[in-house]
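# Geometric and topological summary
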Amino acid sequence: MNSAILVQKLWNYCNVLRDDGMSYGDYVEQLTYLLFLKMADERSRPPYRQPSIIPALYAWPGLLTRDGDELFDHYRHTLERLGGEKGTLGLIFNKAQNKFQDPAKLRRVIVDLINEEDWSSLGADVKGDAYEGLLEKNAQDTKSGAGQYFTPRALIQAMVDCIAPRPGELICDPACGTGGFLFTAHQYLTQHYPNLTRDEKRHLKEGAFRGWELVQATARVCAMNLMLHGIGSEKSVPVKVADALAADPGERFDVVLANPPFGKKSSTQIEGADGKRTTEKDVIERDDFWATTSNKQLNFVQHIKTLLKPHGRAAVVVPDNVLFEGGAGETIRRKLLHECDVHTLLRLPTGLFYAQGVKANVLFFDKKPASQTPWTSQLWIYDLRTNQHFTLKTNPLKRADLDEFVRLYQGRRKGAPANRPANRHDRAATWSEQADAASDAGPDGRWRVYGYDELIARDKASLDIFWLRDDSLADSDKLPPPEVIAQEIVDDLEAALEQFRLIASDLNGGAPCN
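Residues numbered from 1 in each chain as written. Predicted model: local features only at pLDDT ≥ 70, side-chain atom pairs only at ≥ 80, totals over all residues. Heavy atoms only, no water.

## Notes on the overall build of the protein chain
To be explicit about the condition: The way it works is that DSSP assigns letters per residue, a run of H or I at least four long becomes a helix, a run of E at least two long becomes a strand, and they are numbered from the N terminus. Contact definition: two residues touch when any of their heavy atoms are within 4.5 Å.
The helix and strand inventory of the protein chain stands at 18 helices and 11 strands. Contacts spanning at least 24 positions in sequence make up 73% of the contacts within the protein chain whose residues lie at least 6 apart.

## Examining the pattern of salt bridges
Selection criterion: Definition used for salt bridges: Asp or Glu carboxyl oxygen within 4 Å of a side-chain nitrogen of Lys or Arg.
Taken as a whole, this structure holds 28 salt bridges when the rule is applied. Between Arg76 and Asp73 there is a salt bridge whose closest N-O contact spans 3.7 Å. Of the two residues, Arg76 and Asp73 are both situated in helix 4 (residues 68–83); the distance of 3 residues between them amounts to about one turn of the helix. In this structure, Asp403 and Arg399 form a salt bridge, with 2.8 Å as the shortest nitrogen-oxygen distance. Taken together, the salt bridges that share partners define one network made up of Asp320, Arg347, Arg385 and Asp464.

## Here we look at the packing of helix 12 (residues 296–307) against helix 14 (residues 328–339)
Put simply, the rule reads: Axis angles are defined between N-to-C directions and span 0 to 180 degrees, where every axis is a line fitted to C-alpha atoms and, for a helix, only to the segment in contact. Angle categories: roughly parallel below 35 degrees, roughly antiparallel above 145, roughly perpendicular from 65 to 115, and oblique for all the rest. A clockwise turn of the near helix away from the far one marks a right-handed crossing, whereas an anticlockwise turn of less than a right angle marks a left-handed crossing. The classification used treats Ala, Val, Leu, Ile, Met, Phe, Trp, Tyr, Cys and Pro as nonpolar, Asp, Glu, Lys and Arg as charged, and all other residues, Gly among them, as polar.
Between helix 12 and helix 14, the least distance of the axes is 11 Å, while the angle of their chain directions is 25°. Comparing the axis directions of helix 12 and helix 14 gives the class roughly parallel. Helix-helix and strand crossings are classified by hand; for helix 12 and helix 14 the assignment is left-handed. Within the contact between the two elements, helix 12 uses Leu298, Val301 and Gln302 and helix 14 uses Gly329, Ile332 and Leu336. Here the contact of helix 12 with helix 14 is composed, by residue class, of 4 nonpolar, 2 polar and no charged.

## Details of the packing of helix 2 (residues 24–43) against helix 4
Between helix 2 and helix 4, whose axes approach to 12 Å, the crossing angle comes to 80°. Taken together, the axes of helix 2 and helix 4 are roughly perpendicular relative to one another. Counting all contacts with helix 2, which are made through Gln30, Tyr33, Leu34 and Leu37, the residues of helix 4 involved are Tyr75, Thr78, Leu79 and Leu82. Residue classes in the contact of helix 2 with helix 4 are distributed as 6 nonpolar, 2 polar and no charged.

## What to know about the packing of aromatic side chains
Applied cut-off: Classification of ring pairs rests on two measures: the distance between centres of Phe, Tyr or Trp rings, Trp counted by its six-membered ring, which must be within 6.5 Å, and the angle between planes, read as stacked under 30 degrees, edge-to-face over 60 and tilted in between. Each residue's exposure class comes from its accessible area (1.4 Å probe, protein chains only) as a fraction of the maximum for that residue type: buried when under 20%, exposed when over 50%, partly exposed otherwise. Only when the NZ of Lys or the CZ of Arg is both within 6 Å of the ring centre and within 35 degrees of the ring normal is a charge said to sit over the ring.
Summed over all chains, the structure comprises 13 aromatic pairs. Ring centres of Tyr382 and Trp447 lie 6.2 Å apart, and the angle between their planes is 50°; this geometry places the pair in the tilted category. Linking Tyr382 in strand 10 (residues 378–383) with Trp447 in strand 11 (residues 447–451), this pair joins segments that are 65 residues apart in sequence. Here Tyr382 and Trp447 have matching classes, each one buried. Three or more aromatic residues joined by ring pairs make a cluster, and in this case those are Phe364, Trp380, Tyr382, Phe405, Tyr409 and Trp447. Geometry around Trp375 places Lys368 over its ring, the cationic atom sitting 5.5 Å from the centre. One Lys or Arg, Arg427, reaches over the ring of Tyr409 and ends 4.7 Å from the middle of that ring.

## Examining the side chain of Arg153
To keep it simple, the criterion reads: A 3.5 Å cut-off defines polar contacts: any pair of N or O atoms within that distance qualifies, except that in protein one atom must be a possible hydrogen donor and the other a possible acceptor, and neighbouring residues in sequence count only when both atoms are side-chain atoms.
Inspection of the secondary structure assignment puts Arg153 in helix 8 (residues 153–163). Using a relative accessible area of 14% as the deciding quantity, one classes Arg153 as buried. Within the structure, the side chain of Arg153 is placed 2.8 Å from the backbone oxygen of Thr151, a separation counted as a polar contact. If we ignore the near neighbours within four places in the chain, the residues touching Arg153 are Glu132, Thr178, Gly180 and Phe183.

## Some thoughts on the sheet that holds strand 10
So the rule is basically this: By the convention used here, strands pair only if DSSP detects at least 2 bridges between them.
Strand order in the open sheet formed by 9 strands is 3-2-1-4-7-9-8-10-11, and the pairing between neighbours is mixed. Each edge of the sheet is formed by a strand with only one pairing partner; in this case those strands are strand 3 (239–241) and strand 11. Each adjacent strand pair in this sheet contributes to an overall mean axis angle of 15°, direction not counted. In this structure, strand 8 (residues 340–347) lies alongside strand 9 (residues 360–367), joined through 7 bridges in antiparallel fashion. Note that in strand 9 the partner of Cys340 across the bridge is Lys367. Helix 11 (residues 216–228) rests against strand 2 (209–213) and strand 3 of the sheet, and its axis sits at about 170° to strand 3. In the packing of helix 14 onto the sheet, contacts are made with strand 8 and strand 9, and the angle to strand 8 comes to roughly 120°.

## Examining the pairing of strand 4 (residues 253–258)
The element strand 4 is extensively covered by neighbouring structure, given that 6 of its 6 residues are classed as buried. Sheet topology places strand 1 (residues 171–173) next to strand 4; 2 bridges connect them, and they run parallel. For Ile171, the partnering residue across the bridge sits in strand 4 and is Val255. Note: strand 4 against strand 7 (residues 308–319), 5 bridges, orientation parallel. Among the inter-strand pairings, Val255 is bridged to a residue of strand 7, identified as Arg313.

## Let's talk about the confidence of the model for the protein chain
In plain terms, the rule: Confidence scores labelled pLDDT are given residue by residue by the predictor and lie between 0 and 100.
Here the protein chain averages 87 in pLDDT, while 86% of its residues score no lower than 70. Across residues 266–280, confidence stays below pLDDT 50; counting only partners more than four residues off in sequence or on other chains, it has 26 contacts.

## A short note on helix 9 (residues 180–192)
Formally: Multiply 1.5 Å by the residue count of a helix minus one, and that product is the helix's expected span.
End to end, helix 9 covers 18 Å across 13 residues, agreeing with the expected 18 Å (1.5 Å per residue, within 8%). Within the span of helix 9, buried status applies to Gly180, Phe181, Leu182, Phe183, Thr184, Ala185, His186, Tyr188 and Leu189.

Structure representation (structure tokens):
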């Protein structure tokens, strides 16, 4: 069975269950529990014959032999019993609940959907793509709030292509959501290095990846997503449910890929003895951080710097405020430019993320050893925002939209052979003040370089840099469609409101402002 047929089959059942009030998120969770039980049963049989970590009483055959209320009761007891276990079982089943309303529909999913497939023998691309399809649909369901954990896959693919992970490297995502960066890096390695040794394959499956996720329900989905894509196993999945910012984990990585959560500054609700609730800002104080701040995104940048080995490579999605915020933001940018090689910035267009009002960028940097002189010499910026109009439904970002950026990032000339080795130290700008036919550069070029001295001389060492003219301001015929203009206005207002909320919160002693 190919992935398209399997996706359609999964959706057909989802639509039936939605009539009973089950959300996309609930459906994905229930599938996760049942898929895990079925795959554990498959691995215990020939040709695998692996010992199952599922107690026999709660294994897959126990669901197949029951019906009606007896099935409902057994399924509920199974979730409760496995949720109390440690390790992978606890990760998958912690706080699990039966969300089915009708035992007949539960049995249909068990017998006709899950049991019909030999999931362990399906290729990772087939079952992984099918599960990914469910996750994206869930992200589109704005009521679920799941979109905040879902990074556009075209963007993830481009970031991984730029970072180009290598066999034997340790790869981390400290805010892994549903696992998109980790399994995309896994796919990159299997596609670009088809002749891995047995030890390299074992490392790729069992030791190459680490993920942290704060939300238990999201970590559960991430664990299943990684397993379906060939990472980890029923006995061990490299996802930890924890606040990544709480402390330095001690581990160091060759590659960090991340899209840390956007939104308000970190805060904790505290209920006093009198029942009154107050809010305290979660100011992260760590010896390995350059500055103390409650801004989560700035703290993630500092945390990622800590996670990297010397000469380790990072690609991290950051909102605009990380590029221009003063105070701790300025301190962090100056330190980052000095102690790391901050070599590339991709300015992203609006309309990419399911959360509205997000204006984001991708920052690429390499960690370097201590030095009295700054490691950053040049910052190359690619502007994919000016005069670009994307929407989630009618004009979504595709991987092809990032082809030019990836090519320029890799230092490949236009029209050069595809097999020419990448070399990011051999880049050529596409922007120049005057059109230059020889270099194919001109005033409309989206790829421009800035020197270190130029960057630190800017007010607050701001990296919030644009140079292209907005065509719609000069020519009304070049205005985007009305629905795109409306959405961009919404995004601008949402972004402005978020900044004002942060300011008001600071003035209000950290209390949230709605």
